[in-house]
Amino acid sequence: MLPDPDGSLTTPPGSPGRVLALIAAGAARTRSDVARLTGLARSTVSLRVEALITHGLLEEIEDGGSTGGRPPRRLRLRTHDRVVAGIGLGATHCRVALVDLGGGELASREDPLPISEGPAAVLGHAAATVRELLTETGKDAADIRAIGVGVPGPVDFSAGELVDPPIMPDWHRYPIPRYFTERFGVPALVDNDVNVMALAEQRQVRPHARHLLFVKAGTGIGCGIVSDGRLHRGAHGSAGDIGHIRVGVDSTPCRCGNAGCLEAVAGGAALARRLRQDGLSVTTARDVAELAKSGQREAMRMLREAGRRIGEVLSGLVNFFNPEAIVLGGALSAAHEQLLAGVREAVYRRSYPLATQDLLIEPSRLRERAASLGAATLAIGHALSPDRIDRLLAPGSRGTGTP
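Just so it is clear, the structure is predicted and the values come from calculations on it, not from any experiment. (Residues numbered from 1 in each chain as written. Predicted model: local features only at pLDDT ≥ 70, side-chain atom pairs only at ≥ 80, totals over all residues. Heavy atoms only, no water.)

**Looking at the packing of aromatic side chains**
The criterion, for reference: Only the six-membered ring of Trp is used, alongside the rings of Phe and Tyr, when aromatic pairs are assigned; centres must lie within 6.5 Å, and planes under 30 degrees apart are stacked while those over 60 apart are edge-to-face, with the rest tilted. Buried residues are those whose accessible area, probed at 1.4 Å on protein chains only, stays under 20% of the maximum for their type, while exposed residues exceed 50% and partly exposed ones sit between those limits. By definition, being over a ring means that NZ of Lys or CZ of Arg is both within 6 Å of the ring centre and within 35 degrees of the ring normal.
Counted according to the given criterion, the structure contains 2 aromatic pairs. Seen in terms of ring centroids, Y179 and F180 are 5.3 Å apart; in terms of plane orientation they differ by 75 degrees. Their pairing is edge-to-face. Overall, F180 belongs to the buried group, its relative accessible area being 0%. The side chain of R183 reaches across the aromatic face of Y179, ending 3.6 Å from its centre.

Spelled out as structure tokens, the structure:
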């Protein structure tokens, strides 16, 4: 799995961290590959590789492809004894995944948990789940290298803090990274949930799609943006907040204080409220999707119309950004036949033909796993970042010998 390229890359091309990144990305499989890609002398490559092996970051194995003479040896990331935790928090649930450094999911668990219960209860539950998954997989806290957390609100990424989250009033500037670092002794990173969903979908499912939009249609509506293979957060981390773009001339009040916002018209909470007014027993966005999947006509009609409204906003983004793929996730996408039909109808009708001629509009393949796996991807990227590896291997470093 590729380390997250979003951070600053200040290390020189032939540094140990860059060498590890080439091997982790699959670009280099042997010492000869490293020499060819970096321009380093073979003796220098050997020094870099041996240092990475000594620190437990790489292993060198016989490839088994020899037809005579000395068997070829292949370099690969050492992953089996190092893990990260990915925590995906939603409005009504918490999902935790334990993932090795190669991106393989070892164990996961999802529990219903309202985010409104506040930081102490929600983060305490997440931390306890991490420890339970460690026990389940025969690991302990010393094996964790980093923790990633996806949260349903706007995040100041550099600080790892939520800023005035609409559905999380007690979470404003709460020190989530410090909470986990104090309990596990490792770095913790926090990002908006739809950003980490976009990251997971692009890295694990569509690595060749360099320009991708991930739309989460759940209780609210948000969009993660991957531009030229990198997550785009904007100047202050609020890029992709499409839920508060006004649609049409609708005057439905929104929780943000404005009226006619996409989220107030097409979000899961808004649809559930309207279905309750029709006498149906509906509480969450998931309930709406289940009703539509069961064939309830009004739920199906509402989801199709919600897709059209989302598609109206996305058509402007398609003209502006020209993505290769739009991926729909979130609770409402469980009934993706109706939702996708509405989105496609509006996007293909309102967008410029050149921008849509090869455009894919598809449901998420990771589905409910996207947020936790995306948070884990964020953690892996930090643990394996070239800057971090180079500091670890620097002469005189007081590191523990592991990232």
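Next comes the rest of the account.
**Overview of the layout of surface pockets**
Basically, it comes down to this: Points on a 1 Å grid over protein atoms alone make up a cavity when a 1.4 Å probe fits among them but cannot get out, and a pocket when they form an open set with protein on both sides within 12 Å along at least five of seven lines; lining residues each have an atom within 4 Å of a point. Grid points are joined across faces, edges and corners, and a volume is the space filled by probe spheres set on the points. Note on conventions: DSSP H or I runs of at least 4 residues are helices, E runs of at least 2 residues are strands, and numbering of each starts at the N terminus. Following the grouping adopted for this structure description, the nonpolar residues are Ala, Val, Leu, Ile, Met, Phe, Trp, Tyr, Cys and Pro, the charged ones are Asp, Glu, Lys and Arg, and the polar ones are all others, Gly among them.
Space inside the second largest pocket adds up to approximately 570 Å³. As for the second largest pocket, its lining consists of 29 residues, and the residues nearest its centre are R286, G330, A331, R367 and E368. Every element with two or more residues in the lining of the second largest pocket is listed here: α6 (193-205), β10 (212-217), α9 (285-293) and α13 (370-383). For the lining of the second largest pocket, the element with the most residues is α9, which contributes 4 residues. Taken together, the residues that form the lining of the second largest pocket break down as 11 nonpolar, 11 polar and 7 charged.

**Let's talk about the pattern of salt bridges**
Note the following rule: Here, a salt bridge means any Lys or Arg side-chain nitrogen found within 4 Å of an Asp or Glu carboxyl oxygen.
Taken as a whole, this structure holds 30 salt bridges when the rule is applied. As a salt-bridge pair, R109 and E132 come within 2.4 Å of each other at their nearest N and O atoms. Here E132 lies in helix α4 (residues 119-136) and R109 lies in strand β5 (residues 105-112), a separation of 23 residues in the sequence. Judged by its relative accessible area of 29%, R109 falls in the partly exposed class. E201 is the partner of R206 in a salt bridge, and the nearest nitrogen-oxygen pair spans 2.5 Å.

**Some points on the sheet that holds strand β9 (residues 188-192)**
What counts is decided by this rule: In this description, strands pair whenever DSSP reports at least two bridges between them. For helices, the fitted line uses only the C-alpha atoms of the stretch in contact; every axis is such a line through C-alpha atoms, and the angle between N-to-C directions lies from 0 to 180 degrees.
The 5 strands are arranged β5-β4-β3-β6-β9 in an open sheet whose pairing can be described as mixed. The sheet terminates laterally at β5 and β9, the two strands that pair on one side only. Strand after strand, the sheet turns through a mean of 15 degrees between neighbouring axes, direction not considered. In this sheet, β9 lies alongside strand β6 (residues 144-151) in parallel orientation, the contact comprising 5 bridges. Of the residues in β9, the one forming a bridge with G148 is L189.

**As for helix α10 (residues 297-321)**
Our working definition: To estimate the expected span of a helix, subtract one from its residue number and multiply by 1.5 Å. Bend, at a single residue, is the angle you get between axes fitted to the 7 residues ending at that residue and the 7 residues starting at it. Two N or O atoms count as a polar contact when they lie within 3.5 Å, although within protein this holds only if one can serve as hydrogen donor and the other as acceptor, and sequence-adjacent residues are included solely when both atoms are side-chain atoms.
The terminal C-alpha atoms of α10, which comprises 25 residues, lie 35 Å apart, in line with the 36 Å expected from a rise of 1.5 Å per residue. Approximately 25 degrees is the largest bend angle found in α10, and it occurs at V313. Here α10 starts with a cap whose side-chain oxygen sits 3.0 Å from the backbone nitrogen of E298, and that cap is Q296. Phi turns positive one or two residues past the end of α10, at N322, with a value near 55 degrees.

**A look at the environment of L340**
The line we're drawing: Contact definition: two residues touch when any of their heavy atoms are within 4.5 Å.
Looking at where L340 falls in the secondary structure, it is placed in helix α11 (residues 336-350). Of the residues examined, L340 reaches a relative accessible area of 4% and is grouped as buried. If we ignore the near neighbours within four places in the chain, the residues touching L340 are L328, I361, E362 and P363.

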